Amino acid sequence: MTKRKLVLVGNGMAGVRCLEEILKMDTERFEITVFGSEPHPNYNRIMLSSVLQGDTTVDDIVLNSYDWYEKNNIQLFTGETVKKIDKEKKLIFTNKDRTVPYDDLIIATGSHPFMLPIPGAEKEGVIAFRNIEDCESMINASNNYKRAVVIGGGLLGLEAARGLLNLGMEVDVVHIIDHLMERQLDPTASTMLKEELEKQGMNFLMSHQTEAILGKKRVEKVLFKGGKVVKADLVVMAVGIKPNVDVAKASGIETNRGIVVDDYMQTSDPNIYALGECAEHREMVYGLVAPLYEQGKVLAKKLCKQDAEEGYQGSILSTKLKVSGVDVFSAGEFMDNPNNKAIRIQDEFEGIYKKIVVRDNRVIGAVLFGDTAEGSRLLSMINNGTDISDLGKVSILQSSTEGSASLVANMDDSETICGCNGVSKGDIVAAIQNEGLCSVEEVKNCTNASRSCGTCKGLVSELLEHTLGDEYQGGNEKETICACTDLSHEEVVSEIRAKGLTMTREVMNVLGWKSDEGCSKCRPAINYYLGMIHPSDYEDERESRFVNERMHANIQNNGTYSVVPRMYGGVTNAKDLRKIADVADKYNVPLLKITGGQRIDLLGIKKEDLPNVWKDLDMPSGYAYGKAVRTVKTCVGENFCRFGTQDAIGMGIALEKKFERLNTPHKIKMGVSACPRNCAESGIKDVGIVGVEGSWEVYVGGNGGTELRKADLLCKVKTMVEVLEVTAAYLQYYRENARYLERTSHWIERVGLDHIKSVVVDDLEMKQALVNRMEVALEALPEDPWKEIIKNAKQKDELFNKKDVTVVTQ
Ligand SMILES: Cc1cc2nc3c(=O)[nH]c(=O)nc-3n(C[C@H](O)[C@H](O)[C@H](O)COP(=O)(O)OP(=O)(O)OC[C@H]3O[C@@H](n4cnc5c(N)ncnc54)[C@H](O)[C@@H]3O)c2cc1C
Ligand SMILES: NC(=O)c1ccc[n+]([C@@H]2O[C@H](COP(=O)([O-])OP(=O)(O)OC[C@H]3O[C@@H](n4cnc5c(N)ncnc54)[C@H](O)[C@@H]3O)[C@@H](O)[C@H]2O)c1
Ligand code: SF4
Ligand code: FES
């Protein structure tokens with residue numbers, strides 16, 4: 001049988017998902033050709049917000065790699081736009097003068113971001129937030145500029161604003177009315193959201209109408225109605241989208257706001273279908289993936305001639321804002337109205353607000369702020385039209401207080417776990433049981449749950465735990481280093497060892513990396529692993545390191561650097577202080593600051609001054625920028641404090657001198673206190689030492705950052721030599737076994753304190769072997785990096801005199 005020719009115009013989320021559905025049903029029916037204007041394979045547009053917010057990378061958001069197209073015999077033309085369709089001859093024409101015939105054609109061209117038609121909108125630095133290039137423009141702008149203005153306080157604007165804040169920019173969000181996210185939230189939730197985002201550092205210009213973008217070539221200011229002006233180096237317009245009907249309109253296919261389709265996604269031409277954001281169904285145009293995926297299922301069935309039941313009936317919308325630290329959920333009809341009644345709970349102490357809107361004893365809408373655990377359940381109730389006459393009204397909003405494990409346990413099988421992909425609890429449980437799935441990744445690959453915005457990952461994990469009981473090992477799921485490889489960190493380390501690999505390129509070639517150059521996630525990791533495995537002969541690859549490590553200083557939000565010289569154990573002297581003061585005067589250092597690690601930070605140093613500052617200071621680098629041993633904070637100890645039982649300063653200096661310049665998977669902070677009063681905060685350090693009468697307690701895995709973790713007692717020893725020894729064994733075990741960028745606090749949670757103790761304390765042979773390997777690593781450490789650069793004129797010139805440095809942020 002000859003295959004039908006199927007052409008997809010638009011290589012985005014809706015169109016390609018429809019192809020996946022077709023291939024699930026019938027791999028032989030079609031000869032498929034895909035055109036995409038963007039120069040990328042199909043990627044998860046939703047996750048651009050996470051890329052901007054620094055939670056993932058562009059490489060990691062590819063949904064279907066080039067291999068997938070090849071494997072499924074799909075001919076893909078990226079960077080090529082279909083301009084016109086000849087409906088009579090059934091041909092499409094592209095901007096690269098290609099003509100391709102079709103039997104069936106799908107248009108899935110998505111939307112254009114709406115750009116306000118105001119004077120100056122064409123200036124450099126005025127962008128939308130729709131694709132990878134926009135995301136990269138924002139990241140690049142944040143390296144050179146400071147002030148961003150985001151126009152539009154909807155979902156997209158707020159997610160963009162959060163990302164720009166994370167990138168170190170100052171952000172003004174301009175909103176046209178006095179009510180953020182008015183399409184999703186009622187005024188109470190909107191006010192709470194605004195207050196929360198203000199706490200995060202966003203500045204709001206509410207009820208402001210933008211009149212013009214001012215500046216010479218690039219944007220410099222934004223002008224509002226009434227004459228107010230704010231400064232701006234970057235303007236992001238996030239004021240909505242409009243369906244991209246260009247090709248349909250040019251080809252005489254019926255369009256209104258979108259391309260008009262029936263319940264089977266058929267356009268005015270019987271062989272041409274449309275779906276996704278470009279399609280208009282029953283006068284509705286959708287801008288979220290859940291409805292688009294439902295449309296994809298219906299169209300796939302139609303094209304594969306399978307019973308498509310009643311066709312697409314329209315969707316009830318639900319959304320979650322993807323800004324960390326803010327939980328917001330909205331679904332259905334959420335505004336008050338004389339025909340509806342509402343149940344509300346508001347806890348101003350906890351910052352929680354919940355409202356469900358009821359009509360004729362059925363939930364028709366909900367808004368949740370601060371606690372969104374019941375979102376899925378409420379969405380199911382709305383979708384299923386559940387009669388709530390027999391339920392205690394307030395109890396509908398209270399079940400999350402019982403804990404989320406019982407939440408999934410108490411859910412009906414029909415309730416939705418993944419809103420984006422319409423996957424219910426029953427679907428996931430059946431897949432876990434029938435297909436033997438045991439990880440979130442496997443559930444994602446099998447059912448699509450958690451494949452889009454990812455906010456349901458926690459629920460999927462809880463459902464795995466609930467279904468598999470003790471057999472589920474949530475923390476041990478295989479996590480690949482990045483999208484360049486299917487190998488986990490552990491697998492890469494073991495392959496490097498087994499195959500004796502010694503260079504990054506070799507690792508990538510031999511282990512079948514999917515991209516030639518690797519990415520900003522895998523390159524630094526491989527560089528670390530190679531250095532850790534071959535301490536004596538590996539030559540560090542500077543270009544694989546993050547910018548701060550390459551520059552040996554921390555880049556600041558205005559492009560200047562901070563310099564922190566080492567002060568062993570937090571102890572300084574008049575000579576060093578004088579040198580610091582002289583440097584501060586000579587280089588006009590705008591801020592001198594005592595750090596939390598008991599050192600002095602010289603902030604605001606120009607890039608080109610760095611080598612001279614280091615030369616004049618003539619002190620060792622404090623490695624304040626490195627995935628390395630940073631500081632050892634000490635209390636004054638027995639020499640001065642009346643509670644002191646031990647020489648905390650001496651111990652701190654000994655530790656810092658021994659382990660300085662050592663590369664580790666992530667930064668290491670230490671503390672030494674001479675009594676349990678813990679003035680050096682040893683309880684929240686990666687390694688914390690506490691002196692008690694006649695001995696030292698060694699604590700590990702503490703963290704004082706965003707996720708506070710109290711350190712665990714590893715052992716108690718008598719002498720300084722023993723402290724140094726057990727610290728060496730512990731750090732070496734961490735170096736060899738943790739994943740790159742895994743803090744000790746996370747590592748301990750993952751592998752367990754008992755296991756670590758059994759290796760570095762109880763098994764004396766293992767402990768000695770670790771100490772020996774640590775000695776080899778310490779022996780091979782390079783000289784102080786600041787001194788090395790001062791001596792190396794070429795490196796100095798390359799790093800500090802050239803104008804541009806490609807920034808790989810971390
Ligand atoms: C930053 C961001 C965050 C988002 N977050 C969420 C979220 O959390 N939840 C949610 O549900 N939705 C979210 N969305 C919306 C969601 O991404 C879209 O609804 C979805 O991508 C639309 O899919 P689509 O296939 O219709 O359009 P698209 O994904 O835009 O795909 C259309 C593709 O067609 C190409 N194309 C256009 N014209 C032509 C032509 N003539 N020839 C060839 N190719 C063409 C375009 O270049 C594009 O690649 C977000 C969107 C953005 C931008
Ligand atoms: N988490 C999510 O689900 C998510 C995240 C990002 C984007 N998206 C989707 O992407 C699409 C685009 O998002 P969006 O936020 O741009 O669209 P939107 O239409 O949802 O919001 C646009 C906002 O801009 C405001 N606005 C309009 N004109 C303005 C002006 N002149 N000045 C200031 N404000 C103005 C509107 O009042 C509205 O609140 C939507 O379909 C959205 O659903 C979803
Ligand atoms: S930790 Fe104890 S010994 Fe050290 S300064 Fe504080 S009180 Fe004194
Ligand atoms: S809810 Fe978005 S991926 Fe599941």
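Residues numbered from 1 in each chain as written. Chains lettered and ligands numbered in written order. Predicted model: local features only at pLDDT ≥ 70, side-chain atom pairs only at ≥ 80, totals over all residues. Heavy atoms only, no water.

1. What about the overall build of the chain?
Counting secondary structure elements, the chain contains 26 helices and 36 strands. Here the contacts in the chain between residues at least 6 apart in sequence split such that 62% fall between residues at least 24 apart. Of the roughly 36,300 Å² of accessible surface on the chain, a fraction of 47% belongs to carbon and sulfur atoms. (Helix = DSSP H or I, 4+ residues; strand = E, 2+ residues; numbered from the N terminus. Contact = heavy atoms within 4.5 Å. Areas by Shrake-Rupley, 256 points an atom, 1.4 Å probe, with all protein chains shown as cover.)

2. Topic: the pattern of salt bridges
For the structure on display, the rule yields 44 salt bridges. Between E80 and R98 there is a salt bridge whose closest N-O contact spans 2.8 Å. Within this pair, whereas E80 is found in the loop between β3 (75-78) and β4 (82-86), its partner R98 is found in the loop between β5 (91-94) and β6 (99-101), the two being separated by 18 residues in sequence. Residue D186 is joined to K355 by a salt bridge in which the shortest nitrogen-to-oxygen separation is 3.0 Å. Linking D186 in the loop between β11 (170-174) and α6 (187-199) with K355 in strand β24 (residues 352-359), this pair joins segments that are 169 residues apart in sequence. (Salt bridge = Lys/Arg side-chain N within 4 Å of Asp/Glu carboxyl O.)

3. Things to note about helix α20 (residues 648-659)
When the terminal C-alpha atoms of α20 are compared, their 17 Å separation across twelve residues agrees well with the 16 Å that a helix rising 1.5 Å per residue should span. Inspection of α20 places A648, M651, G652, A654, L655, E656 and F659 among the buried residues, and these make up the whole buried set. Each element contacted by the buried residues of α20 is listed here: β32 (629-634), β33 (668-673), β34 (687-692), β35 (695-700), α21 (720-737) and α24 (764-779). (Expected span 1.5 Å × (residues − 1). Buried < 20%, exposed > 50% of the residue type's maximum accessible area, 1.4 Å probe, protein only.)

4. Structural notes on the nonpolar core
Here is a general trend for soluble globular proteins: nonpolar side chains tend to be buried in one another's company. Counting residues in hydrophobic clusters, the biggest one holds 49 residues, and the most contacted among them are L19, I22, I85, I92, L105 and I107. With six residues, helix α1 (residues 13-25) is the single largest residue contributor to this core. Other than its neighbours up to four places away in sequence, I22 contacts L6, F30, A300, L303 and C304. If you look at the next biggest cluster of nonpolar residues, it comprises 44 residues, including W696, Y733, A738 and L781. (Core = buried A, V, L, I, M, F, W, Y, C linked by side-chain atoms within 4.5 Å.)

5. Here's the deal with the site of ligand 2
Of all residues adjacent to ligand 2, which total 21 residues, the nearest are E159, E182, R183, G240 and K320. The contact in question runs from a nitrogen atom of ligand 2 to an N or O atom on the backbone of K320, over 2.8 Å. Relative to its unbound accessible area of 840 Å², ligand 2 is 85% covered by the protein chains. Elements with a minimum of two residues in the shell around ligand 2: α5 (155-166) and β21 (318-320). The element best represented in the shell around ligand 2 is α5, accounting for three residues. (Near = heavy atom within 4 Å. Polar contact = N/O pair within 3.5 Å; in protein donor to acceptor, adjacent residues only side chain to side chain.)

6. A closer look at the site of ligand 3
In the vicinity of ligand 3, the contacting residues are C635, C641, F643, G644, S673, A674, C675, R677, N678 and C679. Here the residues of the shell around ligand 3 sort into six nonpolar, three polar and one charged. (Nonpolar A, V, L, I, M, F, W, Y, C, P; charged D, E, K, R; others polar.)

7. Focus on the sheet that holds strand β23 (residues 341-347)
Here we have five strands laid out as an open sheet, ordered β21-β22-β25-β24-β23, and antiparallel in their pairing. Each edge of the sheet is formed by a strand with only one pairing partner; in this case those strands are β21 and β23. Each strand axis lies, on average, 10 degrees off the axis of its neighbour in the sheet, ignoring direction. Sheet topology note: the strand β22 (residues 328-332)/strand β25 (residues 362-369) ladder contains five bridges and is antiparallel. The partner of S330 across the bridge, within β25, is V367. (Pairing = 2+ DSSP bridges. Axes fitted to C-alpha atoms, helices over the stretch in contact; angles between N-to-C directions.)

8. A closer look at the pairing of β24
In terms of burial, β24 is a largely internal element, seven of the eight residues being buried. Bridge count for β23 against β24 is seven bridges, and the pairing is antiparallel. When the sheet's bridge partners are listed, I345 is paired in β24 with K354. Turn length for the β23-β24 hairpin, with the two strands adjacent in sequence and antiparallel, is four residues, and the turn residue G351 shows positive phi of about 70 degrees. In this structure, β24 lies alongside β25, joined through seven bridges in antiparallel fashion. Directly across from V357, in β25, lies its bridge partner G365.

9. Thoughts on the environment of K225
Relative to the elements of secondary structure, K225 occurs in the loop between β14 (221-224) and β15 (229-231). Note on K225: relative accessible area 55%, which makes it exposed. Distance from K225 to E211, taken between C-alpha atoms, is 5.7 Å for residues 14 residues apart in sequence. Sequence-distant contacts of K225, defined by excluding residues within four places in its chain, comprise Q209 and E211.

10. Things to note about the sheet that holds strand β10 (residues 147-151)
If you walk across this open sheet you meet the five strands as β9-β16-β10-β11-β12, and the pairing is parallel. Edge strands, defined here as strands with exactly one partner in the open sheet, are β9 (126-128) and β12 (203-205). Here the strands of the sheet are splayed against their neighbours by 25 degrees on average, with no regard to which way each runs. Here three bridges tie β9 to strand β16 (residues 234-237), and the two strands are oriented parallel to one another. Opposite I127, over in β16, you have V236 as the bridge partner. Those strands touched by helix α4 (residues 132-144) are β9 and β16, and its axis lies near 140 degrees from that of β9.

11. Thoughts on unusual backbone geometry
Within the chain, S207 stands out as a residue other than glycine whose phi angle is a positive 50 degrees. Secondary-structure assignment places S207 in the loop between β12 and β13 (210-214). Non-glycine residue N678 carries a positive phi angle of around 60 degrees. Here N678 lies in the loop between β33 and β34.

12. Quick notes on helix α11 (residues 425-435)
Of the residues making up α11, those classed as buried are K425, G426, I428, V429, A431 and I432. Of the residues trailing α11, G436 is marked for its positive phi of about 65 degrees.

13. What about the state of the cysteines?
Among covalent bonds in proteins, the disulfide is the one between the sulfur atoms of two cysteines. Summed over all chains, the structure comprises zero disulfides. There is no disulfide at C304, and the cysteine sulfur nearest it, in C18, is 8.4 Å away. (Disulfide = S-S within 2.5 Å.)

14. Observations regarding the packing of aromatic side chains
Taken as a whole and assessed by the stated rule, the structure comprises eleven aromatic pairs. Aromatic pair Y286 and Y312: ring centres 6.3 Å apart, planes at 80 degrees, arrangement edge-to-face. You can see Y286 sitting in the loop between β20 (279-281) and α8 (289-303) and its partner Y312 sitting in the loop between α8 and β21, a full 26 residues away along the chain. Each member of the pair, Y286 together with Y312, is buried. Judged by centre distance (5.3 Å) and plane angle (55 degrees), the rings of Y734 and W747 are tilted. (Phe/Tyr/Trp six-rings, centres within 6.5 Å; stacked < 30°, edge-to-face > 60°.)

15. What about the pairing of strand β7 (residues 104-107)?
Of the two faces of β7, the one lined by D104 and I106 and the one lined by L105 and I107 are each fully buried. Relative to β7, strand β1 (residues 4-9) runs parallel, the two sharing four bridges. Of the residues in β7, the one forming a bridge with V9 is I107. Bridging between β7 and strand β19 (residues 272-274) involves three bridges; their strand directions are parallel. Its bridge partner lying in β19, I107 is registered against A274.

16. Looking at the environment of I364
Note that I364 resides in strand β25. Overall, I364 belongs to the buried group, its relative accessible area being 16%. Setting aside its immediate chain neighbours within four residues, I364 contacts A331, G332, E333, N340, V357, V358, R359 and I382.

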